[in-house]
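Per-entry structural report
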Amino acid sequence: MSVIPEISISSAKLPQKGTLVVLCDDKAKLSSSIANTDLGKTLKRAIAAADFKGGFGKTLRIMVPQGTELEQVTVVGIGKQSEMDEHSWLKLGGKISSTVSSAAKYVVALELPGKDADPKARQISDVAQGIQLAAYRFDRYKVAKAVKPKHKSIKVTLISKAATAAKKVWAEQQGVTNGVMLARDLVNEPANVLTPKEFAKRAGELKKLGCQVEILDEKAMKALKMGALLGVSQGSRNPPRMAIIQWKGGKPKDKPIAFVGKGVTFDTGGISLKPAGGMEDMKGDMGGAAAVTGLMHALAARKAKANVVGIIGLVENMPDGDAQRPGDIVTSMSGQTIEILNTDAEGRLVLADALWHCNKKFKPKFMVNLATLTGAVLVALGNHHAGLFSNDDELSEQLAHAGLATSEKLWRLPIGPEYDKLIDSKNADMKNTGGRYAGSITAAQFLHRYVGETPWAHLDVAGTAMGSPQTDINKSWASGFGVRLLDRLVADNYEK
Ligand code: BES
Ligand code: MN
Ligand code: ZN
């Protein structure tokens, strides 16, 4: 099992024993308090001998440095200090974590090279978050062939003069980090384990953090006439659920903000069956719901000063004697009818009822939904941006900005009446697919028909929630995309 390092932050002096990590810039400069010590001199020689250039994220490990009682010292390059940006510290944490992964205990001296100030509280907290996120692995099912961890726990101490302030920031960010790891766990979990019922149960665990959680079962959803969602789930032996999670950290009278997630625990395509190759990835078709769950965890754990609703629609899309057919017409909770042309366009059906219910019940300030909605968004944007679709420029701006701040990037694509026409149906109010072109946009147009006048944004995370390239802070198939992004959206715009 992977071990997530425990972090403490301190302003103590550097230890003389054990494992140490120090920073070094592109001029091979160490922090001034280290540079003139015996250790500093030893490091200087080693850096020169190894021709180490101190490029950003480059590392040099020195075992048992001569003239000290230290076991090892890892020098981590920060490159040019002037070129460090707001993502650098998170990445640096990831690099440190991956390099020093075999020590049970280590200390990171976060003093900057030269005479410049130490990193700020937020930057220190980012290093801590990077260390933990990079250590995450999904290895719960590697039993007989388990890689035994060298140590039961890993304890990391970050040393800085800004320790007092940094501790406060980290106390909150630990909750956000746990939210990201929760989202990753949910996405990585196989669909035989993570059924709609099991997912709802895990959402129910948010009660421990002070959330209110209501679970709607099939009967409750029938009573609410959620015909679009129920049509998707009718072919599965695993009954559907909807979880409604509330965090009330704001003023009692403040309207809530709302996040809605697609939670298709497995998407076979239904009767419009998907090809076999790669179908296993469809265990991750609940990445939107996982992000919403992780976000609610984050907000509750850090006691965000906002009223927030998270709604996740949980179903399994299976082919079966009871499954819905192409040509079927279903009536959504809104009363609008939908002709099913392709049973594999199921996510929008789930979200139609979840968004409608959310809007009607909570009258939120805005709704943001997340969904692994279309393969087409991968064609358009690949793995590096999630698609952003919105009826509201201000909300879009706030989201795009939070994306840049967290490096969970968004790219806005258009919606409009020309595209909306493409989902009109001969036989019903609309059809669930819009033909060959602009597949991600017509999917967004479909959702748009269920949000009324409420400011709304749809994030198509099919390319970013799972299977995206490994980064310094993610070594797992599931990225947890959306948790840090939306936590930041809330923190920057909707608290206080
Ligand atoms: N869950 C898929 C989208 C998807 C594809 C997510 C690849 C992650 C990776 C979605 O339900 C789907 O099947 N969409 C169809 C829509 C089409 C039938 C209009 C698609 O993208 O092909
Ligand atoms: Mn599908
Ligand atoms: Zn799907």
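Residues numbered from 1 in each chain as written. Chains lettered and ligands numbered in written order. Predicted model: local features only at pLDDT ≥ 70, side-chain atom pairs only at ≥ 80, totals over all residues. Heavy atoms only, no water.

1. Focus on the overall build of the chain
In plain terms, the rule: Where helices and strands are cited, they refer to DSSP runs of H or I of at least four residues and of E of at least two residues respectively, numbered from the N terminus. Here the globule rule is a power law, 2.2 Å times the number of residues to the power 0.38, and the radius of gyration is based on C-alpha atoms. Only protein chains enter the area calculation, which uses a 1.4 Å probe; residues under 20% of their type maximum are buried, those over 50% are exposed, and those in between are partly exposed. By the convention used here, residues are in contact when the closest approach between their heavy atoms is within 4.5 Å. Values of accessible area rely on a 1.4 Å probe in the Shrake-Rupley scheme; residue burial ignores everything except the protein chains shown. Two residue types count as positive, namely Lys and Arg, and two as negative, namely Asp and Glu; His and chain ends fall outside the count. For charged residues, the charge sits on one atom: NZ in Lys, CZ in Arg, CG in Asp, CD in Glu.
For the chain, the helix and strand inventory stands at 15 helices and 17 strands. Since a compact globule built from 496 residues should have a radius of gyration of about 23 Å, the 25 Å found for the chain is in line with a globular shape. Projecting the C-alpha coordinates of the chain onto the three principal axes gives extents of approximately 80 × 50 × 40 Å. Within the chain, the proportion of its 496 residues that are buried is 57%. The long-range fraction of contacts in the chain, counting pairs at least 24 apart against all pairs at least 6 apart in sequence, stands at 78%. Accessible surface computed for the chain: about 21300 Å², of which carbon and sulfur atoms make up 52%. Here the chain contributes 66 positively and 51 negatively charged side chains, and the mean placements of these two sets differ by 6 Å.

2. Considering the sheet that holds strand E17 (residues 456–460)
Stated formally: For two strands to be treated as a pair, DSSP must find no fewer than two bridges joining them. Orientation is described by axes fitted as lines to C-alpha atoms, over the contacting stretch for helices, and by angles from 0 to 180 degrees between their N-to-C directions.
Spatial ordering of the open sheet is given by E7-E8-E10-E9-E13-E17-E14-E15, a layout of eight strands whose pairing is mixed. A strand with exactly one partner marks an edge of an open sheet, and here the two such strands are strand E7 (212–216) and strand E15 (410–412). The sheet shows a mean angle of 20° between the axes of neighbouring strands, direction not considered. Bridge count for strand E14 (residues 386–390) against E15 is three bridges, and the pairing is parallel. Along E15, the bridge assignment pairs Gly387 with Trp411.

3. Comments concerning the pattern of salt bridges
Going by this rule: A carboxyl oxygen of Asp or Glu within 4 Å of a side-chain nitrogen of Lys or Arg is what we treat as a salt bridge.
Applying the stated criterion across every chain, the model contains 25 salt bridges. Arg202 serves as the salt-bridge partner of Glu189, at 3.1 Å between the closest nitrogen and oxygen. One end of the pair, Glu189, is in the loop between helix H5 (163–188) and helix H6 (196–204); the other, Arg202, is in helix H6, with 13 residues separating them in the sequence. Between Asp328 and Arg325 there is a salt bridge; the shortest N-O distance is 3.2 Å.

4. Some details on the coordination of the manganese ion (ligand 2)
Rules: Note that water is not among the atoms used; donors are N, O and S atoms within 2.8 Å of the metal (3.2 Å for Na, K and Ca), so sites may look incomplete. Each label reflects the angles at the metal, where four donors whose angles all fall between 85 and 135 degrees are tetrahedral, four or six donors whose opposite pairs open beyond 155 degrees and whose other angles stay between 65 and 115 are square planar or octahedral respectively, and the rest are irregular.
Asp267 (OD), Asp344 (O), Asp344 (OD) and Glu346 (OE) make up the full set of protein donors to the manganese ion (ligand 2), lying at 2.0 to 2.2 Å. Taken together, the six donor atoms coordinating the manganese ion (ligand 2) span angles of 70 to 166° at the metal, a pattern that classifies the geometry as irregular. Positions of the donor residues of the manganese ion (ligand 2), expressed as sequence spacing, correspond to D-x76-D-x1-E. Separating the manganese ion (ligand 2) from the zinc ion (ligand 3) is a gap of 3.1 Å, bridged by Asp267, which donates to each. Overall, Asp344 belongs to the partly exposed group, its relative accessible area being 22%. Residue classification places Glu346 among the buried residues on the basis of a relative accessible area of 1%.

5. Brief notes about the site of ligand 1
Heads up, the condition is: Proximity criterion: a residue is near a molecule or strand once any of its heavy atoms comes within 4 Å of it. Contacts described as polar in this section are N or O atom pairs within 3.5 Å, which, within protein, must combine one atom able to donate a hydrogen with one able to accept it, while residues neighboring in sequence count only if both atoms come from side chains.
Near ligand 1, the surroundings consist of 17 residues, among which Lys274, Asp285, Asp344, Glu346 and Gly375 are the closest. In the model, an oxygen atom of ligand 1 is placed 2.9 Å from a nitrogen or oxygen of the Asp267 side chain. Side-chain polar atom of Asp344 to an oxygen atom of ligand 1: 2.8 Å apart, as the coordinates give it. Protein contacts shield 77% of the accessible area of ligand 1, which totals 520 Å² for the unbound molecule.

6. Points about the side chain of Ser10
With respect to the secondary-structure elements, Ser10 resides in strand E1 (residues 6–10). One polar contact links the side chain of Ser10 to the main-chain amide nitrogen of Ala12, over a distance of 2.8 Å.

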